[in-house]
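Working through the structure, step by step
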Amino acid sequence: MKKQIIFLLAVTVFFSCSEKEKNQNSELISIEINSNWKFKQADKYEWLPATIPGTVHTDLLNNEKIEDPYYRVNEKDQQWIDKADWEYQTTFNVTSGIMAKNNIWLEFMGLDTYADVYLNDQKILTADNMFREWKVDCKEFLRKGENVLRVYLASPIKIGLEKLEANGYGLPAVNDQSENGELGDKKVSVFTRKAGYHFGWDWGPRLVTSGIWRPVFLKAWNKIRIENLYIVRNEVSDMSAKMTAEFEISSDENQELRLAIAVEGKILSERIIEVTKGTSISKVDFKILNPKLWWSAGLGEQHLYNITGKVYDSESLLDESKTKIGIRTARLIQKPDTDGKGKSFYIELNGRPVFSKGANYIPNDVFLPRVTPDKYENIVKSAAEANMNMLRIWGGGIYENDVFYDLCDKYGIMIWQDFMFACSMYPGGDDFFENVTQEAIDNVKRLRNHPSIVLWCGNNEIETAWGEYKENAGWGWKQRYNMEQRKEIWTNYEKVFHEILPEVVEKYSNNTFYWHSSPSAGMGKLSGYQTTSGDIHYWGVWHGQHPFSEFQKYLGRFMSEYGFQSFPEFRTVKQYTIKQDWDIESEVMAAHQRSGIGNLRIKSYMEEDYIIPEDFEQFLYVGQVLQADAIQEAIEAHRRAMPYCMGTLYWQINDCWPVASWSSIDYFQRWKALQFFALHANKSVIVSSTEKEGKVILSVVSDETEDIKGILKLKLIDFDGNDIWTESIKIEVKENSSEVYFEKEIKELIGRSNANHIVLVSELIRNGQSLDTDLFYFVKPKNLKLSDPELNIEVKEETGKYVIEVFSQSLVKNLFLTIDERNERFSDNYFDVLPGETKTVYYPDTENIQDFASKIRSIHLQKTVK
């Protein structure tokens, strides 16, 4: 395996180091510099091979200088890495053809973080922001033939300590694991424009990276270059889409140029312009007739147009820039309620109110260059397959790579995009403000053509944590400071989040809404669990130890955070533990749980609803079902509250390392029970049951664009499949609605039946097709009277898939199927099998399962079935 990995790396280097022109007809040459790199600790002499893009940690790991940081408690022994300075160096050749170009620039797409860059021993750049792109004119320092490029990376910890001391006092940074980093209470993360989660979070390790984390390019051109192509949607109707292409052009001289816009290869508009020396903006209006709109998942097609902006002089094509766009309108609607007590908060897409369904998203790894396009696609596709239409890119991570947003465009996943500020207060000063301004400009300009991005948000939880607008509000931060310090801290906050960031969004992405902080009830109004405007982060369940039923009580206009933890499944746990660690209170299991209350909090909630398993693997399984129960209850409560509530984003879809966390997909991208439950809870049409004041209440929620006429079939059965009561109701479900269609006193419904041995099955049928089925149990799972079922599992092979049919004479609760250690997943899992009925699931044919042997788990069953 090791030889295979090395071979693949070599192939990648060979191809990507060849000269690749941006377009064969364009004069611009673009070469990625990603071979011959080596690195060393700055005060040492040993040079080692390096991979670019990469990080110090992964290069040390690849050279076998450190153990896997994610294994057991290895993280503890690697805290020295961020206290050291590091150097990277490579050589590359420049041809006479490149040297003949008028302009030659080096472009660093991402430097992490404090970097001095030298070309042939001449310093050409000093960088201090992980989130910015750094471009420098290097022609005067280049030479024909071999050139030496060196990057000196200073310790972010040492510089952070200097900045902390210069500030005169520390700033709140509650998730900075400074003690794990051997810094005591000195929290330095806020002083460096770097991914906050690298310093630790309540779901992540403290591994503070340095490195050249995005590609490096040498670019050369004559006369002009298109720096950026922005497609502005001016007016969209069924008849036409009127748009403007804004060319940002760098020119060597004053000259006349011809601009052209091509859509799907056909030029639609041209214009002759005069540009002056330097950088300027030129515009070309164009129109697309009978446009195909971009819709979020579930509402229509995600049509994308290929747009090419071209620049010619009198003789030839000088440069071109390509982008993809989706034609759509997106607005955040905050309409006052008729009683004046609140405001709506929802996305209106192409004139249609959209209920946002999805999750919060964090980076997929601590070591970001390890996240491949395939891993990105698996996460985004998993969101779409779980019937989600929105992800919130949380503010303690990164502005993601272009491929991520391309995939969201493709799959119809709307993006709530935070700027990279979270759960901390930040310093001020002209240098800091200018750095933040340029960071925001870089990323808004890079991402603004993506139709998936519907909202920019200033920060995560800072407004509510500081609590400026009420003396006793907040998380106790402001009370630690004297009045002069408090004024300074809040003035710096307002400068960034009320001035700099909204001005950048308005100037550079003028049709995208800016929301200053999440959660918030509006400018000058703090969000709480019962506020009637803005968005809410509800953490009564978990942190506040509220019962799951409270999800039905605390309903806001947009629930942008809430969650419950679980462990990853056993095969994931085995990848970072040994047998002696298989106890939730062991040192290793505790180290892979960064919410201090976490593992025992899971157990305490489990005791309320389930019999605590003695078997470790079964405990992990029940923990996942518990998490799924909780979040399904929340999602359905939020959807039933439509149109008052118009968004539900649970925390969180993914992990950055193997850990017990709030995720629904673990680090190895294995779906937990929650992801399967979300698939059902997010369906376009759901039947949803709840208990209130001694009644069972059935609602139908629809995101459909048309009304539905159907039959709601109800039956009360026991766990052996005997019918106790049945009823059918003809109903008409309005499009984009939530309505109650049945309610009945529980005592009257169940009569003399044993509540612990019956289930209410509610199914919505349209034209003979089942749209959704809901199961309502009358007691908690620990009180269910379940018998050992006689399972019958049959496997059939069809084109492109295996068909697995599961049959049982008695009820099976939360059946979980796994096949050895294979990584493909079943189309459904953790499902209930009703007595006398067949449940059909599918498995990809990429793996041979003819000798089918599945490990079976349910709430009351553990065995292997062949």
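Because the structure is a prediction, the values reported are computed rather than measured.

Considering the overall build of the protein chain
Scanning the protein chain from terminus to terminus reveals 15 helices and 43 strands. Since a compact globule built from 866 residues should have a radius of gyration of about 29 Å, the 29 Å found for the protein chain is in line with a globular shape. Residue burial in the protein chain is summarised as follows: out of 866 residues, 61% are buried. Of all intrachain contacts in the protein chain linking residues separated by at least 6 positions in sequence, the fraction that spans at least 24 positions is 69%. Surface accessibility of the protein chain: about 35300 Å² in total, with carbon and sulfur atoms responsible for 46%.

A look at the side chain of D655
The residue D655 is located in the loop between strand 29 (647-650) and helix 14 (673-681) in this model. Although D655 is buried, it makes no salt bridge; K672 carries the closest opposite charge, 4.6 Å away. A polar atom in the side chain of D655 sits 2.6 Å from the side chain of S661. In this structure the side chain of D655 is engaged in a polar contact, spanning 2.8 Å, whose partner is the side chain of S663.

Digging into the pairing of strand 8 (residues 122-128)
Where strand 7 (residues 114-119) and strand 8 come together, six bridges link them in antiparallel fashion. Bridge assignment links Y114 to a residue of strand 8, and that residue is D128. Here strand 7 folds back onto strand 8, and the loop between the two strands holds two residues, one of which, N120, carries a positive phi near 50 degrees.

A look at the sheet that holds strand 41 (residues 838-844)
Ordered by their spatial adjacency, three strands build an open sheet running 37-38-41, and the pairing between neighbours is antiparallel. Unpaired on one side and paired on the other, strand 37 (792-798) and strand 41 mark the two borders of the sheet. Neighbour-to-neighbour, the strand axes of the sheet open up by a mean angle of 20 degrees, direction not taken into account. As paired elements, strand 37 and strand 38 (residues 801-807) share seven bridges and run antiparallel to each other. The residue bridging I793 from the neighbouring strand is V806, located in strand 38.

As for the side chain of S661
Tracing the sequence through the fold places S661 in the loop between strand 29 and helix 14. What makes S661 buried here is its relative accessible area of 0%. With near-sequence residues (within four places) excluded, S661 lies in contact with W203, F564, Q565, S566, Q627, Q652, D655 and K672.

Observations concerning the pairing of strand 25 (residues 453-457)
Taking burial as the measure, the five residues of strand 25 include five buried ones, the bulk of the element. In this sheet, strand 25 lies alongside strand 24 (residues 414-418) in parallel orientation, the contact comprising four bridges. Counted as the bridge partner of I415 is I453 from strand 25. In this fold, the crossover linking strand 24 to strand 25 by way of helix 7 (residues 430-447) has right-handed handedness.

A look at the sheet that holds strand 21 (residues 352-354)
Read across the open sheet, the three strands follow the order 19-20-21; overall the sheet is antiparallel. Of all strands in the sheet, those bounded by a partner on one side alone are strand 19 (330-333) and strand 21. Pairs of neighbouring strands in the sheet enclose a mean axial angle of 35 degrees, with direction left out of account.

Notes on the pattern of salt bridges
The tally for this structure, following the rule as stated, stands at 48 salt bridges. A salt bridge links D581 to R72, with the shortest nitrogen-to-oxygen separation between them at 2.8 Å. On the criterion of sequence distance, the pair formed by D581 in the loop between helix 10 (570-573) and helix 11 (587-591) and R72 in the loop between helix 2 (56-62) and strand 5 (86-94) is long-range, its members being 509 residues apart. Its salt-bridge partner being K310, residue E320 comes within 3.0 Å of it at the nearest N-O pair. Remark: K310 occurs in strand 17 (residues 305-312) and E320 occurs in strand 18 (residues 317-325); sequence separation between them is 10 residues. For the pair shown, E320 and K310 are each scored as buried. It is possible to trace a salt-bridge network through shared partners that takes in E107, K219, R225 and E227.

Some remarks on unusual backbone geometry
Residue D112 is joined to T113 through a cis peptide bond whose omega torsion reads -5 degrees. If you trace the backbone, T113 turns up in the loop between strand 6 (103-108) and strand 7. Going from W651 to Q652, the amide bond is cis rather than trans, its omega being 5 degrees. Its location among the elements puts Q652 in the loop between strand 29 and helix 14. Residue K223 is not a glycine yet carries a positive backbone phi of 65 degrees. Summarising the element assignment, K223 is placed in the loop between strand 11 (216-221) and strand 12 (224-236). A positive phi angle, close to 60 degrees, is found at Y830, a residue other than glycine. Along the chain, Y830 turns up in the loop between strand 39 (812-819) and strand 40 (831-833).

Considering the packing of aromatic side chains
By the definition in use, this model includes 58 aromatic pairs. Taking the centre distance of 6.1 Å and the plane angle of 75 degrees together, the rings of F570 and F616 count as edge-to-face. Taken together, the residues span a long stretch of sequence, with F570 in helix 10 and F616 in helix 13 (residues 616-640) at a distance of 46 residues. F616 carries the same exposure label as F570, and that label is buried. Here a set of aromatic residues connected by ring pairs shows up, and it is made of F421, Y426, Y469, W490, Y493 and F497. Looking at K38, its charged tip hangs above the ring of W47, at a distance of 4.9 Å from the centre. A cation over a ring is seen here: K219 above F217, with NZ or CZ 5.3 Å from the ring centre.

Definitions and limits used
All residue numbers refer to positions counted from 1 along the written sequence of the respective chain. Restriction of local features to residues with pLDDT of at least 70 applies here, the model being predicted, together with a cutoff of 80 or more for giving and counting side-chain atom pairs; totals for whole chains, interfaces and linings are based on all residues. By convention in this description, side-chain values take in all heavy atoms of the structure and omit both hydrogens and water. Strands are runs of DSSP state E lasting at least two residues, helices are runs of H or I lasting at least four, and both sets are numbered from the N terminus onward. Radius of gyration: C-alpha atoms only; globule rule: 2.2 Å multiplied by the number of residues to the exponent 0.38. Each residue is placed in one exposure class: buried if its accessible area under a 1.4 Å probe, protein chains only, is under 20% of its type's maximum, exposed if it is over 50%, and partly exposed if it falls in between. Contacts between residues were defined by any pair of non-hydrogen atoms, one from each residue, lying within 4.5 Å. For every accessible area listed, the method is Shrake-Rupley and the probe measures 1.4 Å; residues are considered covered only by the protein chains on display. Counted as positive: Lys and Arg. Counted as negative: Asp and Glu, with His and the chain ends omitted from the count. A pairing counts as a salt bridge when a side-chain nitrogen of Lys or Arg comes within 4 Å of a carboxyl oxygen of Asp or Glu. Polar contacts here mean pairs of N or O atoms no more than 3.5 Å apart (in protein, one a potential hydrogen donor and the other a potential acceptor; neighbouring residues in sequence count only if both atoms are side-chain atoms). A strand pair is defined by DSSP finding two or more bridges across the two strands. Helix axes are fitted to C-alpha atoms over the stretch in contact, other axes to C-alpha atoms as well, and angles between N-to-C directions run from 0 to 180 degrees. Crossover handedness is defined by viewing with both strands directed away from the observer: a clockwise path from the first strand over the helix to the second marks the crossover as right-handed. When the centres of two rings from Phe, Tyr and Trp lie within 6.5 Å, Trp using its six-membered ring, the rings pair. Their planes under 30 degrees apart give stacked, over 60 give edge-to-face, and anything left gives tilted. Remark: a charge is flagged as sitting over a ring if the NZ atom of Lys or the CZ atom of Arg is within 6 Å of the ring centre and within 35 degrees of the ring normal.

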